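# Examining the three-dimensional arrangement
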Amino acid sequence: MAISGCSGSSLGSDEAPLASGAIAPKQVGWIEPGQLAGIDQEVDVKLDTGAKTTSINAEILEQPENPEDAGGMITFRFEDQSGQSRVYERPVLEWVRIKDGDGGFFRRPVVAMQLCIAGRWIEEEVNLADRSQFNYSVLVGRNALEAGNLIVDSAETKTTEANCPARSEAAS
């Protein structure tokens, strides 16, 4: 269940790299169908150019004793809007500080995850948050948009199909 490096993406089966080796930019809407590795059904994801980092809905089940330390393992349950869920265990890459509305801050764990948007598997850092009160359980930030070379048209929604090439269970 290991995941290697955190910045990069894979091509879909119908895409070819540019001469430089990069993938061609792809225009998408601000809401698109997507998929998380290990979950077979599609989930609508919100693509947000105002968010630096991707965030997914997570119920923390088990975390390192000292939540300031990176490197420990965290176990969490992802659940989407329709109720489909999966439990994941990942190493914590870091804990990020998030400002709250009262001028203070709190910390969120960051892990590596694979998600597919517009036929492109993207492996990137995501922070784990309680998004159960939001309309979308996955918020795709600039880090994943850049890794997938996706360009967001804020006037459009659901312009693509997920068309995610199959992933082995070992990659999830």
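See the structure printed just above.
The sections below set out a description of the structure shown in this document. This one's a predicted model, so the numbers in the text were calculated from it and none came from an experiment.

### Brief notes about the pairing of strand S9 (residues 94-99)
- Relative to strand S10 (residues 105-117), S9 runs antiparallel, the two sharing 6 bridges. Looking at the pairing, Val-96 lines up with Arg-108 of S10.
- Hairpin geometry of S9 and S10 is characterised by an intervening segment of 5 residues between the two adjacent antiparallel strands and by a positive phi of about 90 degrees at Gly-103.

### Regarding the state of the cysteines
- All told, the structure shown has 1 disulfide when counted by the stated rule.
- Note that Cys-116 is cross-linked by a disulfide to Cys-164, the S-S spacing being 2.3 Å. Every disulfide takes its handedness from the sign of the S-S torsion; for Cys-116 and Cys-164 that torsion is -105 degrees, giving left-handed. Taken together, the residues span a long stretch of sequence, with Cys-116 in strand S10 and Cys-164 in the segment after strand S13 (150-153) at a distance of 48 residues.
- For Cys-164, a relative accessible area of 19% puts it in the buried group.

### Points about the sheet that holds strand S6 (residues 59-62)
- Strand order in this open sheet of 3 strands is S6-S7-S8, and the pairing throughout is antiparallel. Of all the strands in the sheet, the pair left with one neighbour each is S6 and strand S8 (85-91). Averaged over all adjacent pairs, the angle separating strand axes in this sheet is 30 degrees, with direction ignored.
- Looking at chain direction, S6 and strand S7 (residues 73-79) are connected through 3 bridges and run antiparallel. By the bridge assignment, Glu-59 is partnered in S7 with Arg-77.

### Examining the pattern of salt bridges
- Counted by the stated rule, this structure contains 2 salt bridges.
- Here Asp-44 makes a salt bridge to Lys-158, at a shortest N to O gap of 2.8 Å. Placement of Asp-44 in strand S4 (residues 43-47) and of Lys-158 in the segment after S13 is noted, with a sequence separation of 114 residues between them.
- Residue Glu-59 pairs with Arg-77 through a salt bridge whose shortest N-O separation is 3.0 Å. A residue pair is termed long-range when its members are at least 10 positions apart, and Glu-59 in strand S6 and Arg-77 in strand S7 qualify at 18 residues.

### Some remarks on the side chain of Arg-86
- For Arg-86, the position within the fold is in strand S8.
- The class for Arg-86 is buried, based on a relative accessible area of 16%.
- A polar contact is formed between the side chain of Arg-86 and the backbone oxygen of Gly-38, at a distance of 3.3 Å.

### Notes on the nonpolar core
- Leu-36, Ile-56, Phe-76, Met-113, Ile-117, Leu-128 and Val-140 are the most contacted members of the largest nonpolar core, which totals 28 residues.
- Contributions of two or more residues to this core are made by S4, S7, S10, strand S11 (120-129), strand S12 (138-140) and helix H1 (142-147).
- When sequence neighbours within four positions are dropped, the list of residues in contact with Leu-128 reads Ile-56, Ala-58, Ile-60, Ile-74, Phe-76, Arg-108, Pro-109 and Val-111.
- If you look at the next biggest cluster of nonpolar residues, it comprises 5 residues, including Ala-37, Cys-116, Trp-121 and Cys-164.

### Description of unusual backbone geometry
- With a phi angle near 55 degrees, Asn-149 is a residue other than glycine that sits in the positive phi range.
- Within the secondary structure, Asn-149 sits in the loop between H1 and S13.
- Its relative accessible area of 26% is what places Asn-149 among the partly exposed residues.
- Unlike most non-glycine residues, Asn-163 shows phi in positive territory, near 40 degrees.
- Secondary-structure assignment places Asn-163 in the segment after S13.

About the thresholds
- Residues numbered from 1 in each chain as written.
- Predicted model: local features only at pLDDT ≥ 70, side-chain atom pairs only at ≥ 80, totals over all residues.
- Heavy atoms only, no water.
- Pairing = 2+ DSSP bridges.
- Helix = DSSP H or I, 4+ residues; strand = E, 2+ residues; numbered from the N terminus.
- Disulfide = S-S within 2.5 Å.
- Buried < 20%, exposed > 50% of the residue type's maximum accessible area, 1.4 Å probe, protein only.
- Axes fitted to C-alpha atoms, helices over the stretch in contact; angles between N-to-C directions.
- Salt bridge = Lys/Arg side-chain N within 4 Å of Asp/Glu carboxyl O.
- Polar contact = N/O pair within 3.5 Å; in protein donor to acceptor, adjacent residues only side chain to side chain.
- Core = buried A, V, L, I, M, F, W, Y, C linked by side-chain atoms within 4.5 Å.
- Contact = heavy atoms within 4.5 Å.

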